[in-house]
Each structure stands twice: as C-alpha cells, then as structure tokens.
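Below, each chain spelled out in residue letters.
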Amino acid sequence: MILVIRKQASEKEIEDVKKKIHSLGCEVHESVGVNCHILGIVGDTSVIEPGTFQTNPAVDKVIAVQEPYKKSNRMFHPDNTVVKINDMEIGGKKLAIIAGPCSVESEEQIISIAESVKKSGAGFLRGGAFKPRTSPYAFQGLKKEGLELLKIAREKTGLPIVTEIMSTDNLDEFVEDVDVIQVGARNMQNFDLLKQLGKTRKPILLKRGLSATIEELLMSAEYIMAGGNENVILCERGIRTFEKFTRNTLDLSAVPAIKKLSHLPVIIDPSHAAGLWWMVEPMAKAAVVAGADGLIIEVHNDPENALCDGAQSIKPDKFDKLMDKLKVLAEVEDRAI
Ligand code: PEP
Ligand code: MN
C-alpha cells in the first residue's frame, strides 16, 4: 500500500501517519521527491482498512499495490493448484468432466444418467439434492433422500459425487458423504458458510455469483482458504447482463483472467450460462479451447419432464457425441479427457 502525502501536510501530521503505520505492525519506506512525498507501507497490509488512511488529513491518496486476495493469488503461489479427489484430480493435465442432472429425482433417474455419462467418459457425477430455487413453490430437491441416492449411484459407477450445500446445518453429512461440495452462485457470498467450509479439508466447487466480479469470486475463495482449506475449484457459470436471450452471459474471459490472477483450477458451466440445451455444445467446446480445467454439464434422460432446468439439459446421446469432440479439442490444447 502506498500513501501519497498532501503537499500542505505538517511534519507533525506526517509523523503521526508513520506512528500509525508502525502501530499496525508494518514498516515505512519513505520517498521524498520534488513533486511527490510518498510513504510505502511494508508488511502485511491485508488487515488495514482503506479508510484508515483515506480519512487522514495528511494523506492525499491511498494506492493499493497488491490484490486483497493472498492465498488464492498466483503471485505467492506460481504453480497451478491441483485438487485431489480420491484418485482423481482437478487442475492437472486431464480435464475434469462433471455431468449429471440438475437435481436428483429418483433412484432410477440418477443411476441411469450416472451410468450413461460414465460410459461417455465423465469423471464425476453431479446432481442437486438441496436446490436453491427462485420460487418457494418450485421443486426444492429430495434433500437427504437425494444424498442417499447419489451415494447409491456412486457405489454403482465409482463416480465421485458433486452436489450443492445450502446451509451449514447439513455440513456434517456433506463432509461425510460428498466428494466435492458445491457452493452455488447464490451462496458465493454466504460468508458464514464459506468460513465453515474453510474448516474442512473437502474439495469445494465455488461458483461465481450472479453479479460478482472476478475479484469478489477470488475473495470468496479466500474465505475458504483463510480457514486452511486450499482445495478450492472455481466455476464460471455466466453472469447477469442486459442480454435476455440467454439465461446468463458466459464470461469466457474469466478463464484466462483467473488463470493469470490465481493458481486455482477454473471450470466452466455452459448449462447455467446459456440456459439453452443447444448452446451447451458450442460453449463447452469454446471453454476447453479457452483453457478451462473442466466442465460441469447438465445431462438428463428426459429433459421435457425434468423437475428442474430441463431446457438447458442435454440428453445422454448428445453428451456422448460432445465428449468425442471435446477429446479432440483437449488434445489441441495439450490436455486430455
Ligand atoms: C446448479 O449447479 O444446479 C446451480 C443451481 O447452479 P448455480 O448456482 O450456478 O445457479
Ligand atoms: Mn441447474
């Protein structure tokens, strides 16, 4: 952090600023030029509130030199993070393909979809048991029964399960039963939930909030990592813009941006981004070429009658064909599926 000192500031006022910096456990690097008097704050500035100096009469400007996120920052961790999930990885050479229905509806449904996506080469099974729905009258998920059905599907196929947590009330069973805990877009800034997840060592799939900036997403990752859990996977799932044709606007530039700023793996959700099943394929292909570490795709055997998000779900045979194309594109990017 750099403080530009006001030209009219008195010696006493400047001394007070220096004292304040020292009282915060930091050192001062002073530079007095012809036109500019600068105090550089050296040390851990992450705990300093910007207002601390912005309101000081001796200070003209406060300039942040470093990003406010530390643990997720590539500057302090140049190598890519590879999150391990049993014998699988997310963030390594192999792309993580997570597929399955929006929500678990029945044993027959989840097992049939799990078996078909596994056959097509998916590495993980998704399926919501606790669903965050806009309307309280819409299907809210099978909840605990849904978790049990996911466990059965995992046992039958060997696919690790990815499912969304909505409340800290369910933390213990998620830690016990779930392989990757998803934090949905609507909960990206549920800081209590993030803090609790930070105390676990479970892999967390953190989705970007509906109107969250990349920095806000990284700050949410920081909440989990600050608690000691570094197993965070980020997910771009479309953001809200003025465009109404698609459900959201897929921000593909988030992939190279996040890769530059952070060492965490980043995957793309083309299903929630587009909201339209026929756009899933082109967006998934673009994501692989943009450098994403994986995809999370909604697949349903009967989208017309799906209890949630049928319009954006592709059928298993379409998923199968898509996987063949993704394999070719992955190779071009020196990745694999
Ligand atoms: C989901 O993955 O089913 C979901 C609700 O996603 P999002 O939080 O991105 O809307
Ligand atoms: Mn969905």
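Only a predicted model underlies this, so the values are computations on that prediction, with no experimental measurement involved. (Residues numbered from 1 in each chain as written. Chains lettered and ligands numbered in written order. Predicted model: local features only at pLDDT ≥ 70, side-chain atom pairs only at ≥ 80, totals over all residues. Heavy atoms only, no water.)

A. A look at the overall build of the chain. The helix and strand tally for the chain stands at 11 helices and 14 strands. With the principal axes as the frame, the chain shows a C-alpha extent of 75 × 45 × 40 Å. Taking all 337 residues of the chain together, 51% fall into the buried category. Pairs at least 24 apart in sequence give 69% of the contacts found in the chain among residues at least 6 apart. Carbon and sulfur atoms make up 52% of the accessible area of the chain, which totals about 15,700 Å². Of the side-chain charges in the chain, 43 are positive and 48 negative, and the distance between the mean point of each set is 2 Å. (Helix = DSSP H or I, 4+ residues; strand = E, 2+ residues; numbered from the N terminus. Buried < 20%, exposed > 50% of the residue type's maximum accessible area, 1.4 Å probe, protein only. Contact = heavy atoms within 4.5 Å. Areas by Shrake-Rupley, 256 points an atom, 1.4 Å probe, with all protein chains shown as cover. Lys, Arg positive; Asp, Glu negative; His and termini not counted. Charge placed at Lys NZ, Arg CZ, Asp CG, Glu CD.)

B. Structural detail: the site of ligand 1. Around ligand 1, a shell composed of C102, R126, K131, E164, Q182, G184, A185, R186, K207, R237, H272 and E298 is seen. Note that an oxygen atom of ligand 1 is positioned 2.9 Å from one of the side-chain N or O atoms of K131. A distance of 3.3 Å is found between an oxygen atom of ligand 1 and a side-chain nitrogen or oxygen belonging to H272. The protein chains hide 98% of the 300 Å² of surface that ligand 1 would expose on its own. By residue class, the composition of the shell around ligand 1 is 2 nonpolar, 3 polar and 7 charged. (Near = heavy atom within 4 Å. Polar contact = N/O pair within 3.5 Å; in protein donor to acceptor, adjacent residues only side chain to side chain. Nonpolar A, V, L, I, M, F, W, Y, C, P; charged D, E, K, R; others polar.)

C. The pairing of strand 12 (residues 232-236), seen in detail. For strand 12, a buried count of 5 out of 5 residues is recorded, marking the element as mostly surrounded by other parts of the structure. Across the two faces of strand 12 the burial is the same, with V232, L234 and E236 and I233 and C235 all buried. Bridge count between strand 11 (residues 204-207) and strand 12: 4 bridges; the pairing is parallel. Paired with K207 across the two strands is C235, which belongs to strand 12. (Pairing = 2+ DSSP bridges.)

D. Inspection of unusual backbone geometry at higher detail. Positive phi, normally seen in glycine, also occurs at N86, with a value near 50°. Positionally, N86 belongs in the loop between strand 5 (83-85) and strand 6 (88-90). One non-glycine residue with positive phi stands out, namely K143, at about 55°. Along the chain, the position of K143 falls in the loop between strand 8 (124-126) and helix 4 (144-157). Taking relative accessible area as the criterion, K143 reaches 38% and is therefore assigned partly exposed.

E. Quick look at the domain arrangement of the chain. Along its sequence, the chain is organised into domain 1 (2-63) and domain 2 (83-332). When each unit is reduced to the centre of its C-alpha atoms, the spacing between domain 1 and domain 2 is 44 Å. (Domains from an automatic or database assignment.)

F. Spatial organisation of the pattern of salt bridges. Going through the model one piece at a time under the given rule, you end up with 21 salt bridges. One salt bridge connects D177 with K151, and the closest N-O pair in it is separated by 3.3 Å. Of the two residues, D177 sits in helix 5 (residues 171-177) while K151 sits in helix 4, which places them 26 residues apart along the sequence. Accessibility expressed as a relative area gives 11% for D177, which makes it buried. (Salt bridge = Lys/Arg side-chain N within 4 Å of Asp/Glu carboxyl O.)

G. Local environment of the packing of helix 6 (residues 191-198) against helix 7 (residues 214-226). At their nearest, the axes of helix 6 and helix 7 sit 6 Å apart, and the two run at 40° to each other. In terms of their interaxial angle, helix 6 and helix 7 are classed as oblique. When helix 6 is examined against helix 7, the residues F191, L194, K195, L197 and G198 are found in contact with a partner set consisting of S220, Y223 and I224. Its residues placed into classes, the contact of helix 6 with helix 7 shows 5 nonpolar, 2 polar and 1 charged. (Axes fitted to C-alpha atoms, helices over the stretch in contact; angles between N-to-C directions. Parallel < 35°, antiparallel > 145°, perpendicular 65-115°, else oblique.)

H. Region of the structure containing the nonpolar core. Counting residues in each nonpolar core, the largest one holds 63 residues, and the members touching the most others are L206, L234, L295, I297 and F319. Top contributing element to this core by residue count: helix 7, with 6 residues. Residues within four places of L295 in sequence aside, it is in contact with A96, I97, I98, I267, I268, P270, A284, A287, V288 and L326. L3, I14, I21 and F53 belong to the second largest nonpolar core, which has 16 residues in total. (Core = buried A, V, L, I, M, F, W, Y, C linked by side-chain atoms within 4.5 Å.)

I. Focus on the side chain of H300. When you line up the elements, H300 lands in the loop between strand 14 (294-298) and helix 11 (316-332). The exposure class of H300 is buried, given its relative accessible area of 3%. At 3.4 Å, the side chain of H300 forms a polar contact with the side chain of Q109. There is a polar contact of 3.2 Å between the side chain of H300 and the side chain of N301.

J. Expanded view of the pairing of strand 1 (residues 2-5). Bridge count for strand 1 against strand 4 (residues 59-63) is 4 bridges, and the pairing is antiparallel. In the sheet register, V4 faces strand 4, and the bridge partner there is K61. Where strand 1 meets strand 3 (residues 37-42), 3 bridges bridge the pair, whose relative direction is antiparallel. Note that in strand 3 the partner of I2 across the bridge is G40.

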